[in-house]
Amino acid sequence: MSTVGLLFLSDLYSFAPWISDHGGAYPALGAPSPPTLHPPPGLIVVLPRRYFDRLMGRAVWLRGAARLALVLEPDGAEILEDEWATLGLDNLVGVFEAGADLEKTIDAARACVEGEGAWPIWAPAALRRALPPGQWIAWRPARGARPDEDQAQRAAETLDHALDILPGALCFHDDAPCLLDGIIGARINLLNGATEAIPALRGAADLYHPIAARPDGRGALDQAAFKRHRRPIGVDPSGQIAWAGGRCWFEWFALSASGPVAWTPSSHGWPDGHAKKLYGFEDNEPRRVQLGQGACLSIYQRDALITPGLPLRWRDRGDGLAVAGRARGGPRALLFTHGEAEMLWGADPSKAEEDARGGAPTISLGPSAARRYVVGLEAPTWRLIGGQASARPLGLGGWAVYDEEHREVRRGQDRLWAGWDRWIVVAREGLLWREDLLTGARSPLGAPGRAVQAALPLPGSPNALLISVEVDVAWLRVV
(Lines give C-alpha, C1' and ligand atoms only; values in the text may rest on other atoms or scores of the structure.)
Protein backbone atom coordinates (compact mmCIF):
# COMPACT_ATOMS: atom_id res chain seq x y z
CA MET A 1 0.00 0.00 0.00
CA SER A 2 1.27 3.47 -0.86
CA THR A 3 2.57 5.58 2.02
CA VAL A 4 1.33 8.87 0.49
CA GLY A 5 -2.35 9.76 0.36
CA LEU A 6 -4.32 12.53 -1.32
CA LEU A 7 -7.57 13.80 0.17
CA PHE A 8 -9.85 16.48 -1.30
CA LEU A 9 -11.85 18.39 1.28
CA SER A 10 -14.96 19.45 -0.60
CA ASP A 11 -17.80 19.51 1.89
CA LEU A 12 -18.92 22.53 3.91
CA TYR A 13 -19.49 20.61 7.11
CA SER A 14 -17.00 17.78 7.39
CA PHE A 15 -14.69 15.43 5.56
CA ALA A 16 -16.68 14.00 2.67
CA PRO A 17 -13.80 12.95 0.41
CA TRP A 18 -14.41 12.52 -3.28
CA ILE A 19 -12.25 11.60 -6.24
CA SER A 20 -12.03 14.70 -8.38
CA ASP A 21 -10.41 15.06 -11.79
CA HIS A 22 -10.21 18.90 -11.53
CA GLY A 23 -10.44 19.18 -15.28
CA GLY A 24 -8.24 16.17 -16.06
CA ALA A 25 -8.86 12.44 -15.96
CA TYR A 26 -7.08 10.33 -13.37
CA PRO A 27 -5.78 6.94 -14.50
CA ALA A 28 -8.01 3.99 -13.62
CA LEU A 29 -7.93 3.58 -9.85
CA GLY A 30 -6.93 0.28 -8.34
CA ALA A 31 -8.65 -1.84 -5.73
CA PRO A 32 -9.31 -0.21 -2.35
CA SER A 33 -6.62 -0.46 0.29
CA PRO A 34 -7.15 -2.58 3.41
CA PRO A 35 -9.53 -0.83 5.81
CA THR A 36 -7.89 1.79 7.98
CA LEU A 37 -9.00 4.61 10.25
CA HIS A 38 -5.64 6.31 10.17
CA PRO A 39 -4.24 8.81 7.67
CA PRO A 40 -1.29 7.61 5.58
CA PRO A 41 2.24 8.44 6.80
CA GLY A 42 2.42 11.14 4.14
CA LEU A 43 -0.84 13.08 3.61
CA ILE A 44 -1.74 15.82 1.14
CA VAL A 45 -5.02 17.66 1.77
CA VAL A 46 -6.42 19.79 -1.06
CA LEU A 47 -9.04 22.36 -0.04
CA PRO A 48 -10.39 25.79 -0.98
CA ARG A 49 -9.07 28.52 1.33
CA ARG A 50 -12.63 29.31 2.50
CA TYR A 51 -12.92 25.79 3.97
CA PHE A 52 -9.81 26.14 6.13
CA ASP A 53 -11.81 26.39 9.36
CA ARG A 54 -13.27 22.94 8.62
CA LEU A 55 -9.89 21.46 9.49
CA MET A 56 -10.30 22.49 13.13
CA GLY A 57 -12.49 19.56 14.15
CA ARG A 58 -10.17 17.12 12.34
CA ALA A 59 -6.84 18.41 13.64
CA VAL A 60 -6.30 15.41 15.93
CA TRP A 61 -6.89 13.03 13.01
CA LEU A 62 -4.56 15.05 10.75
CA ARG A 63 -1.82 14.85 13.37
CA GLY A 64 -1.88 11.09 12.90
CA ALA A 65 0.09 11.51 9.67
CA ALA A 66 3.85 11.59 10.02
CA ARG A 67 4.07 14.35 7.39
CA LEU A 68 1.27 16.65 6.25
CA ALA A 69 1.05 19.09 3.35
CA LEU A 70 -1.83 21.45 2.53
CA VAL A 71 -2.69 22.56 -0.99
CA LEU A 72 -4.89 25.66 -0.86
CA GLU A 73 -7.05 26.51 -3.83
CA PRO A 74 -7.33 30.29 -4.25
CA ASP A 75 -10.78 31.82 -3.79
CA GLY A 76 -10.00 35.16 -2.16
CA ALA A 77 -10.58 33.97 1.42
CA GLU A 78 -8.11 35.01 4.12
CA ILE A 79 -6.68 32.61 6.69
CA LEU A 80 -5.94 34.30 10.00
CA GLU A 81 -2.85 33.70 12.10
CA ASP A 82 -4.87 32.45 15.07
CA GLU A 83 -6.51 29.86 12.80
CA TRP A 84 -3.08 28.42 12.02
CA ALA A 85 -2.19 28.46 15.71
CA THR A 86 -5.42 26.70 16.70
CA LEU A 87 -4.70 23.78 14.40
CA GLY A 88 -1.42 23.00 16.18
CA LEU A 89 -0.17 20.82 13.33
CA ASP A 90 3.41 20.03 14.29
CA ASN A 91 3.58 17.56 11.41
CA LEU A 92 2.85 20.24 8.77
CA VAL A 93 5.84 20.22 6.38
CA GLY A 94 4.51 22.35 3.53
CA VAL A 95 1.73 24.73 2.44
CA PHE A 96 1.22 25.26 -1.28
CA GLU A 97 -0.95 27.60 -3.31
CA ALA A 98 -2.62 25.70 -6.12
CA GLY A 99 -1.83 27.16 -9.53
CA ALA A 100 -3.33 26.49 -12.93
CA ASP A 101 -1.68 23.08 -13.00
CA LEU A 102 -2.99 21.35 -9.88
CA GLU A 103 -1.10 18.13 -10.62
CA LYS A 104 2.19 20.03 -10.64
CA THR A 105 1.35 21.52 -7.23
CA ILE A 106 0.42 18.07 -5.88
CA ASP A 107 3.76 16.71 -7.13
CA ALA A 108 5.58 19.46 -5.20
CA ALA A 109 3.61 18.63 -2.05
CA ARG A 110 4.31 14.95 -2.53
CA ALA A 111 8.05 15.56 -2.54
CA CYS A 112 7.66 17.02 0.98
CA VAL A 113 5.65 14.17 2.48
CA GLU A 114 7.23 11.07 0.96
CA GLY A 115 9.08 8.76 3.33
CA GLU A 116 8.71 5.73 5.50
CA GLY A 117 6.06 5.13 8.13
CA ALA A 118 3.42 2.70 9.34
CA TRP A 119 -0.17 2.77 8.15
CA PRO A 120 -2.16 0.72 10.71
CA ILE A 121 -4.93 -1.53 9.44
CA TRP A 122 -8.27 -1.84 11.21
CA ALA A 123 -9.58 -5.29 12.12
CA PRO A 124 -12.63 -6.34 14.15
CA ALA A 125 -12.04 -7.30 17.76
CA ALA A 126 -11.84 -11.01 18.52
CA LEU A 127 -15.14 -12.47 19.71
CA ARG A 128 -15.51 -12.87 23.45
CA ARG A 129 -16.29 -16.21 25.00
CA ALA A 130 -19.94 -16.97 25.67
CA LEU A 131 -21.09 -16.31 29.23
CA PRO A 132 -23.76 -18.36 31.02
CA PRO A 133 -27.23 -16.75 31.25
CA GLY A 134 -27.70 -14.21 34.02
CA GLN A 135 -30.70 -13.22 36.12
CA TRP A 136 -33.39 -10.66 35.33
CA ILE A 137 -32.31 -7.14 36.37
CA ALA A 138 -34.79 -4.29 36.91
CA TRP A 139 -33.76 -0.97 35.33
CA ARG A 140 -35.65 2.30 34.86
CA PRO A 141 -34.61 4.06 31.65
CA ALA A 142 -35.02 7.83 31.39
CA ARG A 143 -38.36 8.67 29.86
CA GLY A 144 -40.85 11.47 29.77
CA ALA A 145 -44.38 10.95 31.04
CA ARG A 146 -47.69 12.49 30.07
CA PRO A 147 -50.58 12.52 32.54
CA ASP A 148 -52.96 11.14 29.91
CA GLU A 149 -50.87 8.03 29.14
CA ASP A 150 -52.37 4.65 29.92
CA GLN A 151 -50.19 1.74 31.02
CA ALA A 152 -49.81 0.36 27.49
CA GLN A 153 -48.59 3.72 26.22
CA ARG A 154 -46.19 4.06 29.14
CA ALA A 155 -44.79 0.60 28.46
CA ALA A 156 -44.31 1.43 24.77
CA GLU A 157 -42.46 4.63 25.67
CA THR A 158 -40.30 2.77 28.19
CA LEU A 159 -39.28 0.22 25.54
CA ASP A 160 -38.61 2.96 23.00
CA HIS A 161 -36.30 4.85 25.34
CA ALA A 162 -34.56 1.65 26.42
CA LEU A 163 -33.73 0.92 22.78
CA ASP A 164 -32.41 4.47 22.38
CA ILE A 165 -30.21 4.38 25.49
CA LEU A 166 -28.88 0.84 25.79
CA PRO A 167 -26.76 0.40 22.60
CA GLY A 168 -24.37 3.19 23.56
CA ALA A 169 -24.33 2.39 27.28
CA LEU A 170 -23.45 -1.32 27.03
CA CYS A 171 -19.85 -2.27 27.78
CA PHE A 172 -17.65 -4.92 29.38
CA HIS A 173 -15.86 -4.25 32.66
CA ASP A 174 -13.57 -6.95 34.07
CA ASP A 175 -15.05 -9.31 31.45
CA ALA A 176 -18.59 -8.80 32.77
CA PRO A 177 -21.29 -7.21 30.59
CA CYS A 178 -22.35 -3.93 32.15
CA LEU A 179 -24.65 -0.97 31.67
CA LEU A 180 -23.46 2.57 32.38
CA ASP A 181 -26.34 4.66 33.70
CA GLY A 182 -25.47 8.31 33.19
CA ILE A 183 -28.46 9.59 35.16
CA ILE A 184 -27.90 7.84 38.50
CA GLY A 185 -24.13 7.67 37.92
CA ALA A 186 -23.51 3.94 38.21
CA ARG A 187 -22.19 0.88 36.45
CA ILE A 188 -24.63 -2.02 36.61
CA ASN A 189 -23.43 -5.61 36.24
CA LEU A 190 -25.93 -7.22 33.88
CA LEU A 191 -25.27 -10.75 35.10
CA ASN A 192 -26.16 -10.22 38.76
CA GLY A 193 -27.41 -6.63 39.14
CA ALA A 194 -24.50 -5.47 41.30
CA THR A 195 -24.28 -1.66 41.13
CA GLU A 196 -21.11 0.39 41.52
CA ALA A 197 -21.37 4.17 41.91
CA ILE A 198 -19.36 6.38 39.55
CA PRO A 199 -19.88 9.89 40.99
CA ALA A 200 -18.36 11.66 37.96
CA LEU A 201 -20.95 9.99 35.76
CA ARG A 202 -24.00 11.20 37.69
CA GLY A 203 -26.09 13.56 35.57
CA ALA A 204 -23.98 12.98 32.45
CA ALA A 205 -27.11 11.88 30.58
CA ASP A 206 -30.70 13.00 30.32
CA LEU A 207 -33.77 11.89 28.43
CA TYR A 208 -32.56 13.11 25.03
CA HIS A 209 -28.79 12.86 25.51
CA PRO A 210 -27.67 9.32 26.35
CA ILE A 211 -24.02 8.50 26.94
CA ALA A 212 -21.53 6.31 25.11
CA ALA A 213 -19.56 4.02 27.41
CA ARG A 214 -15.79 3.88 27.21
CA PRO A 215 -14.57 0.50 25.92
CA ASP A 216 -13.28 -0.47 29.39
CA GLY A 217 -16.54 0.52 31.09
CA ARG A 218 -14.79 2.91 33.50
CA GLY A 219 -16.70 5.96 32.33
CA ALA A 220 -18.31 7.69 29.39
CA LEU A 221 -16.75 9.14 26.27
CA ASP A 222 -16.51 12.93 26.08
CA GLN A 223 -20.04 14.18 25.37
CA ALA A 224 -18.79 17.49 23.96
CA ALA A 225 -17.32 15.71 20.95
CA PHE A 226 -20.78 14.45 20.01
CA LYS A 227 -22.67 17.70 20.65
CA ARG A 228 -23.12 18.72 17.01
CA HIS A 229 -24.17 15.22 16.06
CA ARG A 230 -27.32 14.94 18.19
CA ARG A 231 -26.38 11.97 20.34
CA PRO A 232 -23.98 9.01 20.58
CA ILE A 233 -25.11 5.74 19.05
CA GLY A 234 -22.48 3.27 20.17
CA VAL A 235 -18.85 2.15 20.34
CA ASP A 236 -17.25 -0.65 18.34
CA PRO A 237 -15.79 -3.53 20.42
CA SER A 238 -12.37 -2.82 18.87
CA GLY A 239 -12.29 0.36 20.97
CA GLN A 240 -11.20 2.36 17.92
CA ILE A 241 -14.51 3.64 16.54
CA ALA A 242 -17.63 5.35 17.87
CA TRP A 243 -20.74 6.70 16.17
CA ALA A 244 -23.06 9.64 16.82
CA GLY A 245 -25.85 11.13 14.76
CA GLY A 246 -29.50 11.89 14.20
CA ARG A 247 -32.16 11.34 11.60
CA CYS A 248 -30.98 9.66 8.37
CA TRP A 249 -27.20 10.14 8.89
CA PHE A 250 -24.48 9.67 11.46
CA GLU A 251 -20.83 10.56 11.95
CA TRP A 252 -17.91 8.17 12.40
CA PHE A 253 -15.46 9.00 15.20
CA ALA A 254 -11.95 7.66 15.63
CA LEU A 255 -11.15 7.09 19.31
CA SER A 256 -7.84 8.63 20.31
CA ALA A 257 -6.05 9.07 23.63
CA SER A 258 -7.67 12.50 23.87
CA GLY A 259 -11.19 11.20 23.16
CA PRO A 260 -13.48 10.86 20.12
CA VAL A 261 -12.29 12.60 16.94
CA ALA A 262 -14.81 13.26 14.15
CA TRP A 263 -13.62 11.32 11.11
CA THR A 264 -16.12 11.20 8.27
CA PRO A 265 -19.91 11.13 7.74
CA SER A 266 -21.83 7.95 7.02
CA SER A 267 -22.62 6.99 3.46
CA HIS A 268 -26.11 8.17 2.63
CA GLY A 269 -27.94 8.06 -0.67
CA TRP A 270 -31.57 8.25 -1.60
CA PRO A 271 -33.61 6.12 -1.89
CA ASP A 272 -31.37 3.35 -0.55
CA GLY A 273 -30.32 5.33 2.52
CA HIS A 274 -32.02 5.91 5.86
CA ALA A 275 -35.32 7.76 5.64
CA LYS A 276 -35.25 11.38 6.80
CA LYS A 277 -38.90 12.25 7.41
CA LEU A 278 -41.95 10.04 7.31
CA TYR A 279 -45.45 11.38 6.74
CA GLY A 280 -43.91 14.85 6.54
CA PHE A 281 -43.28 15.19 10.28
CA GLU A 282 -41.87 12.02 11.92
CA ASP A 283 -38.11 11.70 12.34
CA ASN A 284 -36.19 8.49 11.75
CA GLU A 285 -33.79 8.26 14.69
CA PRO A 286 -30.70 6.00 15.04
CA ARG A 287 -30.67 2.89 17.18
CA ARG A 288 -27.28 1.20 16.77
CA VAL A 289 -24.38 0.40 14.40
CA GLN A 290 -22.61 -2.91 13.89
CA LEU A 291 -19.30 -3.07 12.01
CA GLY A 292 -17.80 -6.23 10.59
CA GLN A 293 -15.00 -7.20 8.25
CA GLY A 294 -16.20 -5.84 4.90
CA ALA A 295 -19.61 -4.49 5.89
CA CYS A 296 -21.39 -2.07 8.20
CA LEU A 297 -24.96 -2.32 9.46
CA SER A 298 -26.73 0.79 10.74
CA ILE A 299 -30.15 0.31 12.31
CA TYR A 300 -32.62 3.17 12.63
CA GLN A 301 -36.17 3.22 13.94
CA ARG A 302 -37.64 2.79 10.48
CA ASP A 303 -35.03 0.95 8.41
CA ALA A 304 -31.70 -0.88 8.41
CA LEU A 305 -28.86 -0.12 5.99
CA ILE A 306 -25.98 -2.37 4.95
CA THR A 307 -22.95 -0.58 3.46
CA PRO A 308 -19.39 -1.67 2.55
CA GLY A 309 -17.67 -1.28 5.92
CA LEU A 310 -15.50 1.76 6.65
CA PRO A 311 -16.87 4.63 4.53
CA LEU A 312 -13.50 6.20 3.66
CA ARG A 313 -11.21 4.04 1.52
CA TRP A 314 -7.96 4.71 -0.29
CA ARG A 315 -7.28 3.65 -3.89
CA ASP A 316 -3.95 3.73 -5.70
CA ARG A 317 -4.26 5.81 -8.84
CA GLY A 318 -1.40 3.98 -10.54
CA ASP A 319 1.59 6.13 -9.60
CA GLY A 320 1.93 5.17 -5.94
CA LEU A 321 -0.37 7.93 -4.73
CA ALA A 322 -3.49 6.72 -2.86
CA VAL A 323 -6.63 8.83 -3.30
CA ALA A 324 -9.31 8.96 -0.58
CA GLY A 325 -12.87 8.35 -1.63
CA ARG A 326 -16.18 6.96 -0.55
CA ALA A 327 -16.44 3.19 -0.21
CA ARG A 328 -18.15 1.96 -3.35
CA GLY A 329 -19.94 -1.14 -4.54
CA GLY A 330 -21.46 -3.88 -2.46
CA PRO A 331 -22.71 -5.06 -0.22
CA ARG A 332 -25.34 -2.33 -0.07
CA ALA A 333 -29.00 -2.87 0.74
CA LEU A 334 -31.72 -1.25 2.79
CA LEU A 335 -34.37 -3.31 4.58
CA PHE A 336 -37.60 -2.34 6.30
CA THR A 337 -40.87 -3.87 7.42
CA HIS A 338 -44.26 -2.90 6.07
CA GLY A 339 -47.53 -4.69 6.83
CA GLU A 340 -51.00 -4.33 5.38
CA ALA A 341 -52.18 -2.14 8.25
CA GLU A 342 -49.57 0.44 7.28
CA MET A 343 -51.06 0.70 3.78
CA LEU A 344 -53.45 3.22 5.36
CA TRP A 345 -50.72 5.76 4.69
CA GLY A 346 -51.03 5.02 1.00
CA ALA A 347 -47.31 4.33 0.55
CA ASP A 348 -46.21 1.46 -1.68
CA PRO A 349 -43.13 -0.47 -0.44
CA SER A 350 -42.50 -1.93 -3.89
CA LYS A 351 -41.98 1.62 -5.21
CA ALA A 352 -39.39 2.54 -2.57
CA GLU A 353 -41.64 5.24 -1.13
CA GLU A 354 -40.27 6.67 2.12
CA ASP A 355 -43.56 6.56 4.01
CA ALA A 356 -43.71 2.79 3.47
CA ARG A 357 -41.00 2.15 6.04
CA GLY A 358 -42.79 0.69 9.03
CA GLY A 359 -39.70 -0.28 11.02
CA ALA A 360 -36.32 -1.98 10.98
CA PRO A 361 -36.38 -5.79 10.96
CA THR A 362 -34.35 -7.83 13.43
CA ILE A 363 -31.04 -8.03 11.57
CA SER A 364 -27.38 -8.84 12.18
CA LEU A 365 -24.16 -8.94 10.19
CA GLY A 366 -22.76 -12.40 9.59
CA PRO A 367 -19.16 -13.61 9.75
CA SER A 368 -18.21 -13.63 6.05
CA ALA A 369 -19.16 -12.64 2.50
CA ALA A 370 -20.86 -16.04 2.14
CA ARG A 371 -23.03 -15.27 5.18
CA ARG A 372 -23.17 -11.48 5.05
CA TYR A 373 -26.38 -10.84 7.01
CA VAL A 374 -29.28 -12.61 8.69
CA VAL A 375 -32.79 -11.13 8.81
CA GLY A 376 -35.74 -11.99 11.02
CA LEU A 377 -38.98 -12.24 9.06
CA GLU A 378 -41.56 -11.75 11.82
CA ALA A 379 -43.20 -9.01 9.73
CA PRO A 380 -43.37 -8.54 5.95
CA THR A 381 -39.83 -7.40 5.13
CA TRP A 382 -38.82 -5.49 2.00
CA ARG A 383 -35.37 -4.89 0.56
CA LEU A 384 -34.05 -2.01 -1.53
CA ILE A 385 -30.98 -2.50 -3.74
CA GLY A 386 -29.77 0.15 -6.18
CA GLY A 387 -32.92 2.19 -5.67
CA GLN A 388 -35.14 -0.73 -6.64
CA ALA A 389 -37.38 -2.44 -4.09
CA SER A 390 -38.08 -6.14 -4.08
CA ALA A 391 -41.30 -6.99 -5.91
CA ARG A 392 -42.63 -8.78 -2.84
CA PRO A 393 -41.62 -9.31 0.81
CA LEU A 394 -38.69 -11.62 1.52
CA GLY A 395 -41.00 -13.97 3.41
CA LEU A 396 -42.98 -14.20 6.60
CA GLY A 397 -41.89 -16.18 9.63
CA GLY A 398 -38.50 -17.50 10.68
CA TRP A 399 -35.24 -16.00 9.48
CA ALA A 400 -33.02 -16.05 6.39
CA VAL A 401 -29.29 -15.69 5.74
CA TYR A 402 -28.03 -13.84 2.66
CA ASP A 403 -24.62 -13.64 1.05
CA GLU A 404 -22.82 -10.51 -0.17
CA GLU A 405 -24.73 -10.70 -3.47
CA HIS A 406 -28.01 -10.75 -1.49
CA ARG A 407 -28.75 -14.35 -2.43
CA GLU A 408 -30.51 -16.48 0.16
CA VAL A 409 -28.20 -19.22 1.42
CA ARG A 410 -30.09 -20.56 4.41
CA ARG A 411 -33.45 -20.29 6.18
CA GLY A 412 -34.60 -21.15 9.70
CA GLN A 413 -38.04 -21.50 11.23
CA ASP A 414 -37.33 -20.00 14.66
CA ARG A 415 -37.82 -16.43 15.82
CA LEU A 416 -34.62 -14.40 15.53
CA TRP A 417 -33.96 -12.18 18.55
CA ALA A 418 -30.38 -10.91 18.12
CA GLY A 419 -27.02 -11.75 16.60
CA TRP A 420 -23.36 -10.82 16.37
CA ASP A 421 -20.93 -12.18 13.79
CA ARG A 422 -21.32 -15.99 13.63
CA TRP A 423 -23.77 -16.27 16.55
CA ILE A 424 -27.52 -15.73 16.66
CA VAL A 425 -30.01 -16.14 19.50
CA VAL A 426 -33.35 -17.63 18.46
CA ALA A 427 -36.54 -18.81 20.17
CA ARG A 428 -38.73 -21.80 19.44
CA GLU A 429 -41.65 -23.22 21.41
CA GLY A 430 -40.82 -21.13 24.46
CA LEU A 431 -37.11 -22.02 24.59
CA LEU A 432 -34.03 -20.03 23.61
CA TRP A 433 -31.06 -21.33 21.62
CA ARG A 434 -27.72 -19.94 20.47
CA GLU A 435 -26.83 -21.04 16.93
CA ASP A 436 -23.51 -20.94 15.07
CA LEU A 437 -24.11 -19.71 11.51
CA LEU A 438 -20.91 -21.40 10.32
CA THR A 439 -21.59 -24.90 11.63
CA GLY A 440 -25.29 -24.95 12.46
CA ALA A 441 -24.47 -26.18 15.98
CA ARG A 442 -26.91 -25.14 18.71
CA SER A 443 -26.60 -24.57 22.45
CA PRO A 444 -29.68 -24.48 24.70
CA LEU A 445 -30.25 -21.32 26.74
CA GLY A 446 -33.44 -22.39 28.50
CA ALA A 447 -36.68 -20.49 28.85
CA PRO A 448 -36.53 -16.67 29.00
CA GLY A 449 -38.64 -16.56 32.19
CA ARG A 450 -40.55 -13.43 31.18
CA ALA A 451 -42.35 -12.14 28.10
CA VAL A 452 -39.68 -10.63 25.82
CA GLN A 453 -40.44 -7.53 23.74
CA ALA A 454 -36.97 -6.93 22.26
CA ALA A 455 -33.36 -8.04 22.42
CA LEU A 456 -29.97 -6.53 21.63
CA PRO A 457 -26.63 -8.19 20.91
CA LEU A 458 -23.87 -7.62 23.42
CA PRO A 459 -21.27 -6.12 21.05
CA GLY A 460 -18.40 -8.46 20.29
CA SER A 461 -20.03 -11.31 22.19
CA PRO A 462 -22.14 -14.43 21.45
CA ASN A 463 -24.50 -13.26 24.22
CA ALA A 464 -27.64 -11.19 23.82
CA LEU A 465 -29.59 -8.93 26.17
CA LEU A 466 -33.30 -9.67 26.50
CA ILE A 467 -35.67 -6.78 27.26
CA SER A 468 -39.00 -7.25 29.03
CA VAL A 469 -41.01 -4.12 29.81
CA GLU A 470 -43.43 -3.65 32.69
CA VAL A 471 -44.92 -0.12 32.50
CA ASP A 472 -42.00 2.06 33.69
CA VAL A 473 -39.47 -0.72 34.32
CA ALA A 474 -37.31 -2.47 31.74
CA TRP A 475 -36.21 -5.91 32.89
CA LEU A 476 -32.89 -6.98 31.37
CA ARG A 477 -31.35 -10.44 31.15
CA VAL A 478 -28.14 -11.70 29.52
CA VAL A 479 -28.47 -15.00 27.66
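As the structure is a prediction and not an experimental result, all values here were calculated from the model.

Draft legend 1. Structural view of empty space enclosed by the protein. All told, the structure shown has two cavities of 30 Å³ or more when counted by the stated rule. Approximately 130 Å³ is the volume found for the largest cavity. Around the largest cavity, the lining comprises 14 residues; the ones closest to its centre are Pro167, Arg288, Val289, Trp420 and Pro459. Contributing elements (two or more residues each) for the lining of the largest cavity: strand S10 (231-235), strand S16 (286-292) and strand S32 (454-457). With three residues, S10 is the largest single contributor of residues to the lining of the largest cavity. As for the second largest cavity, its lining consists of Cys248, Phe250, Trp252, Ser266, Ser267, His268, His274, Ser298, Leu305, Thr307 and Pro311.

Draft legend 2. Structural context of the sheet that holds strand S30 (residues 431-436). In space, the four strands of this open sheet follow the order S28-S29-S30-S31, with antiparallel pairing throughout. The sheet is open, and its two edges are formed by strand S28 (415-420) and strand S31 (442-446), each paired on a single side. This sheet shows a mean twist of 25° between the axes of neighbouring strands, independent of strand direction. Bridge count between S28 and strand S29 (residues 423-428): five bridges; the pairing is antiparallel.

Draft legend 3. Molecular detail of the layout of surface pockets. Volume-wise, the largest pocket comes out at about 740 Å³. Residue lining of the largest pocket: 30 residues in total, with Leu163, Arg287, Ala360, Pro361 and Thr362 positioned closest to the centre. At the level of elements, helix H4 (151-169), strand S15 (282-283), S16, strand S17 (295-300), S28 and S32 are the ones that each hand at least two residues to the lining of the largest pocket. Of the residues in the lining of the largest pocket, the class split is 16 nonpolar, seven polar and seven charged.

Draft legend 4. Spotlight on the environment of Leu334. Here Leu334 shows up in strand S21 (residues 333-337). The exposure class of Leu334 is buried, given its relative accessible area of 0%. Note: C-alpha distance between Leu334 and Ala389 (55 residues apart in sequence) is 9.0 Å.

Draft legend 5. Quick look at the sheet that holds strand S13 (residues 259-265). The strand order S10-S11-S12-S13 describes an open sheet built from four strands, whose pairing is antiparallel. Two strands bound the open sheet, and with one partner strand each, they are S10 and S13. Here the average twist between neighbouring strands, direction ignored, is 35°. When S10 meets strand S11 (residues 241-246), the two strands line up antiparallel, connected through four bridges. Bridge pairing links Arg231 to Gly245 in S11.

Draft legend 6. Expanded view of the environment of Val401. Along the polypeptide, Val401 turns up in strand S26 (residues 399-402). Counting along the chain gives 28 residues from Val401 to Tyr373, while the straight-line C-alpha distance between them is 5.8 Å. Non-local contacts of Val401, meaning those with residues more than four positions away in its chain, are made with Arg371, Tyr373, Val374, Arg407, Glu408, Val409, Arg410 and Leu437.

Draft legend 7. Structural detail: the packing of aromatic side chains. This model, assessed by the stated rule, comprises eight aromatic pairs. Taking the centre distance of 4.9 Å and the plane angle of 80° together, the rings of Phe226 and Phe253 count as edge-to-face. Of the two residues, Phe226 is situated in the loop between strand S9 (195-197) and S10 and Phe253 in strand S12 (residues 249-256); the sequence distance between them amounts to 27 residues. Each member of the pair, Phe226 together with Phe253, is buried. Both rings, one in Tyr373 and one in Tyr402, keep their centres 5.3 Å apart while their planes meet at 20°; by these two values the pair is stacked. Residue Tyr373 is found in strand S23 (residues 371-376), and its partner Tyr402 is found in strand S26; the two are separated by 29 residues along the sequence.

Draft legend 8. Here's a closer look at the pattern of salt bridges. Scanning the entire structure with this criterion turns up 31 salt bridges. Residue Asp319 pairs with Arg110 through a salt bridge whose shortest N-O separation is 3.7 Å. Placement of the pair is Asp319 in the loop between strand S19 (312-316) and strand S20 (321-326) and Arg110 in helix H3 (residues 102-113), with a sequence separation of 209 residues. In this structure Asp319 comes out as partly exposed when scored by relative accessible area, which is 36%. Assessed through its relative accessible area of 15%, Arg110 is described here as buried. Two residues, Arg442 and Glu435, come together in a salt bridge whose shortest N-O distance is 2.6 Å. Classification of Glu435 as buried rests on a relative accessible area of 2%.

Draft legend 9. Seen up close, unusual backbone geometry. We note that Tyr279 has phi near 60°; this positive angle belongs to a residue other than glycine. For Tyr279, the position within the fold is in the loop between strand S14 (277-278) and S15. By relative accessible area, which is 16% here, Tyr279 ends up buried. Non-glycine residue Glu429 carries a positive phi angle of around 50°. Within the secondary structure, Glu429 sits in the loop between S29 and S30.

Cut-offs applied
- Residues numbered from 1 in each chain as written.
- Predicted model: local features only at pLDDT ≥ 70, side-chain atom pairs only at ≥ 80, totals over all residues.
- Heavy atoms only, no water.
- 1 Å grid on protein atoms, 1.4 Å probe; cavity = no way out; pocket = protein on both sides within 12 Å on 5 of 7 lines; lining within 4 Å.
- Points joined across faces, edges and corners; volume = space filled by probe spheres on them.
- Helix = DSSP H or I, 4+ residues; strand = E, 2+ residues; numbered from the N terminus.
- Pairing = 2+ DSSP bridges.
- Axes fitted to C-alpha atoms, helices over the stretch in contact; angles between N-to-C directions.
- Nonpolar A, V, L, I, M, F, W, Y, C, P; charged D, E, K, R; others polar.
- Buried < 20%, exposed > 50% of the residue type's maximum accessible area, 1.4 Å probe, protein only.
- Contact = heavy atoms within 4.5 Å.
- Phe/Tyr/Trp six-rings, centres within 6.5 Å; stacked < 30°, edge-to-face > 60°.
- Salt bridge = Lys/Arg side-chain N within 4 Å of Asp/Glu carboxyl O.

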